[in-house]
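In case you want the letters, here they are:
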Amino acid sequence: MVLKSTSSTNHTVYQISGSNTSRSLPDWVARKRRRDLKNDSEYSSRIELIQDFEFSEASNKLKVSADGNYAMATGTYKPQIHVYDFAELSLKFARHTDAENVDFIILSDDWTKSVHLQNDRSIELHAQGGIHTRTRIPKFGRAMAYRYSNCDLYVGASGNEIYRLNLDQGRFLSPMDLGSDINGCNCLDINPAHGLLAFGLENNTVQFWDPRSRTKLVQMDMDNDEDGGNFGTAAGITALKFRSDGLSLAVGTSAGQTVLYDLRSPNPLLKKEQGYGLPVNNLIWIEGDRDGSESTVRVLSSDKRIAKIWDAEGGKPYTAFEPSVDINDVTHIPDTGMFFLANEGMPMHTYFIPSIGPAPSWCSFIENVTEELEETPVTTVYDNYKFVTKKELAALGLGHLLGTNVVRSYMHGYFIDIRLYEQAKLISNPFAYQEHREREIRKKIDKERESRIRTSSKLSVKVNKGLAEKLANAAENKTKRAAREARIKAKAKAATEVDEVDSDADVKERDEAPASDGKTSLLDDRFNTVFEDPEFEIDENTVEFQQLNPTRSSKTGEAVSRARPVSDEDDFDDDDDDDDY
């Protein structure tokens, strides 16, 4: 199965869909090889969990219905709404809109009723048959929240007001004035336990409002907390999320920090860095574990680069997933280990973490599949295409094809058809196969010869024999010179000692010791390739070699005779030396 799995802190994350799932093919390759891919076993065995789980360009927002049977996503281009039926594992319908979506909320338990905030200051209410009505707000909206108890829709915009639209009465109510010094509300959330409103503002503050009296209760300044922390004021608060217990709040800042608060205390419980310094765009509380432990509480925080999951108690990292495209939104299916990501790529991503929860009931087969998943190797050369550099292209005589459709530029080289490459290589060197065959036969013969018993009187080298003889002569001269000096020192010492037998034994040991060191310098295994591989053969006719060896004669034998090694006749005779002393 063509799935990608990553292991972080002993927790495996399976990527079920997305651009990193299967082999990455250029668009022009995929279009041209669409018929050939039908016969490709690796491509045909890929998992497509939900059919058409993608947009033409990018996806903006993604949410799952309350009953867990449907998913609604918005994306572009052209701006449209997709609804997916989990029971059928496919796209239910696609609905186009006049403007791109900023945020949306599913009002009913299924997909039939939803409200959408568009980037042209319009609010659209959609029903089962299509768009039901459309209205507009004075300023560009940024986020929405819906209070089910009184049917109030709260819209945060670029001004200093929170707009209220009552869907039961069908009219706008008086807005909430945040203050004259406020330039906009980036995010808002409603506490699921008691209905407290929280607004994340551009001036790096969070305001809490009572929905019953429509008055501000308190304002929390993120710049001047009692612990002396500084959260940055580039664009203020970018994400808010209440926990279901009604007491905990997660706040995301534009500086890439996530701060956890207890509503009973103004001091932060925990500060967590995202790592990239990018604004936090989504926060999710994950309660419970697969083993049934409800006391385990984790937080998912994401920016456009990475989504991290960490423990809410001490901030210990749990796992993370980082797609190859920017993240726009993250959605978690409750009581499961599955996550959906809306991103800047064509396909939307799906991740499954078995340690967090089981697979949803509509895709329970994923449990069996993930047990057999293995990493597939990433290939650097596409099938039926050969990657060559500009130098290789010129050597093949195909340089005149640059700029045509036959040669496709890619990174620091080009892609050409493998059949064209083989034909051009055969024309440029028609004897390439014959030379390769002769080299392989020669290697086998030489390997068989190495197993035979042979004398070690001469050096056994295949290439660079002159270099080998030079090194051998130098090693032999060094050995004999060391032996001669050792004998002189030993005999000088023997003249002052009484026991001449010990002196002779010392001379013998010193004669033998350097002799073994002289041979190992040439027989070092690290340099065997220099004397065996023809690729390392020294060309003595090149200009570089002649510049490095200006006094070397062109005749081979002359150089060897000029560097004559020290012979045994040059050594001092033991008997004559004894007579001198």
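From a predicted model like this one, the values you see are computed outputs, not experimental measurements.

Points about the overall build of the chain
Point 1. Per the secondary structure count, the chain includes eleven helices and 32 strands.
Point 2. Buried positions account for 42% of the 581 residues belonging to the chain.
Point 3. For the chain, long-range pairs separated by at least 24 residues make up 47% of all intrachain contacts whose partners lie at least 6 apart in sequence.
Point 4. By element, 48% of the accessible surface of the chain is carried by carbon and sulfur atoms, the whole surface being about 33300 Å².

Things to note about the pairing of strand S22 (residues 268–273)
A regular strand carries its side chains on alternate faces of the sheet.
Point 1. Both strand S21 (residues 257–262) and S22 contribute to a ladder of five bridges, which runs antiparallel. Directly across from leucine 260, in S22, lies its bridge partner leucine 270.
Point 2. Between S21 and S22, which pair antiparallel in sequence order, lie five residues.

Focus: the pairing of strand S10 (residues 130–136)
Point 1. With six bridges joining them, strand S9 (residues 122–127) and S10 adopt antiparallel strand pairing. Residue pairing for S10: leucine 125 is matched across the bridge by threonine 133.
Point 2. Linkage of S9 to S10, two consecutive antiparallel strands, is achieved through a turn of two residues.

Comments concerning unusual backbone geometry
Point 1. In this structure, the amide linkage connecting threonine 76 to the following residue, tyrosine 77, adopts the cis form with an omega of -10°.
Point 2. When you line up the elements, tyrosine 77 lands in the loop between strand S4 (70–76) and strand S5 (80–85).
Point 3. Cis geometry is adopted by the peptide bond preceding lysine 78, which originates at tyrosine 77 and carries an omega value of 10°.
Point 4. Assignment of secondary structure puts lysine 78 in the loop between S4 and S5.
Point 5. At arginine 121, a residue that is not glycine, the phi angle is positive and equals roughly 70°.

Thoughts on the sheet that holds S22
Point 1. Pairing in this open sheet of four strands is antiparallel, and the strands run S19-S20-S21-S22 from one edge to the other. Strands with a single pairing partner mark the edges of an open sheet, and in this sheet they are strand S19 (237–242) and S22. For this sheet, the mean inter-axis angle between neighbouring strands, taken without regard to orientation, is 15°.

Looking at the nonpolar core
Point 1. Within the largest apolar cluster, 22 residues are counted, with the highest numbers of intra-cluster contacts made by Leu49, Ile50, Met338, Phe340 and Trp362.
Point 2. Listing elements by their share of this core, those giving two or more residues are strand S2 (11–17), strand S3 (58–64), S4 and strand S28 (338–343).
Point 3. The element contributing the most residues to this core is S28, with three residues.
Point 4. Leaving out residues up to four positions away in the same chain, tryptophan 362 has contacts with Leu49, Ile50, Gly68, Phe86, Leu89, Ile333, Met338 and Phe340.

Some words on the sheet that holds S5
Point 1. If you walk across this open sheet you meet the four strands as S3-S4-S5-S6, and the pairing is antiparallel. Of all the strands in the sheet, the pair left with one neighbour each is S3 and strand S6 (90–96). Shown here is a sheet whose adjacent strand axes are inclined to one another by a mean of 20°, direction ignored.
Point 2. Sheet topology note: the S5/S6 ladder contains six bridges and is antiparallel. Each bridged residue has a counterpart across the sheet, and for valine 83 the counterpart in S6 is phenylalanine 93.

Side note on the environment of proline 317
Point 1. Following the sequence through the fold, proline 317 ends up in strand S26 (residues 317–321).
Point 2. It is 9.5 Å that separates the C-alpha atoms of proline 317 and arginine 298, two residues lying 19 residues apart in sequence.

Overview of the pattern of salt bridges
Point 1. With the rule as written, the count across this model stands at eleven salt bridges.
Point 2. A salt bridge links aspartate 152 to arginine 164; its shortest N-O distance comes to 3.7 Å. On the criterion of sequence distance, the pair formed by aspartate 152 in strand S12 (residues 152–157) and arginine 164 in strand S13 (residues 161–166) is long-range, its members being twelve residues apart. Across the pair, arginine 164 and aspartate 152 agree in class, each one buried.
Point 3. Between arginine 298 and aspartate 311 there is a salt bridge, with the nearest N and O atoms lying 3.4 Å from each other. Residue arginine 298 is found in strand S24 (residues 297–302), and its partner aspartate 311 is found in strand S25 (residues 307–311); the two are separated by 13 residues along the sequence.

Describing the environment of isoleucine 356
Point 1. Position of isoleucine 356 among the secondary structure elements: in the loop between strand S29 (349–352) and helix H3 (365–370).
Point 2. Separated by 58 residues in the primary sequence, isoleucine 356 and arginine 298 have C-alpha atoms spaced 9.7 Å apart.

Focus: the confidence of the model for the chain
Point 1. Looking at the chain as a whole, its pLDDT mean stands at 79, while 76% of the residues score no less than 70.
Point 2. For the stretch residues 507–519, pLDDT sits under 50, and the model shows ten contacts to residues farther than four places along the chain or on other chains.
Point 3. With pLDDT under 50 throughout, residues 553–557 is counted as low confidence; its partners more than four residues away or in other chains account for two contacts.

Thresholds applied
Residues numbered from 1 in each chain as written. Predicted model: local features only at pLDDT ≥ 70, side-chain atom pairs only at ≥ 80, totals over all residues. Heavy atoms only, no water. Helix = DSSP H or I, 4+ residues; strand = E, 2+ residues; numbered from the N terminus. Buried < 20%, exposed > 50% of the residue type's maximum accessible area, 1.4 Å probe, protein only. Contact = heavy atoms within 4.5 Å. Areas by Shrake-Rupley, 256 points an atom, 1.4 Å probe, with all protein chains shown as cover. Pairing = 2+ DSSP bridges. Axes fitted to C-alpha atoms, helices over the stretch in contact; angles between N-to-C directions. Core = buried A, V, L, I, M, F, W, Y, C linked by side-chain atoms within 4.5 Å. Salt bridge = Lys/Arg side-chain N within 4 Å of Asp/Glu carboxyl O. pLDDT = per-residue confidence, 0-100.

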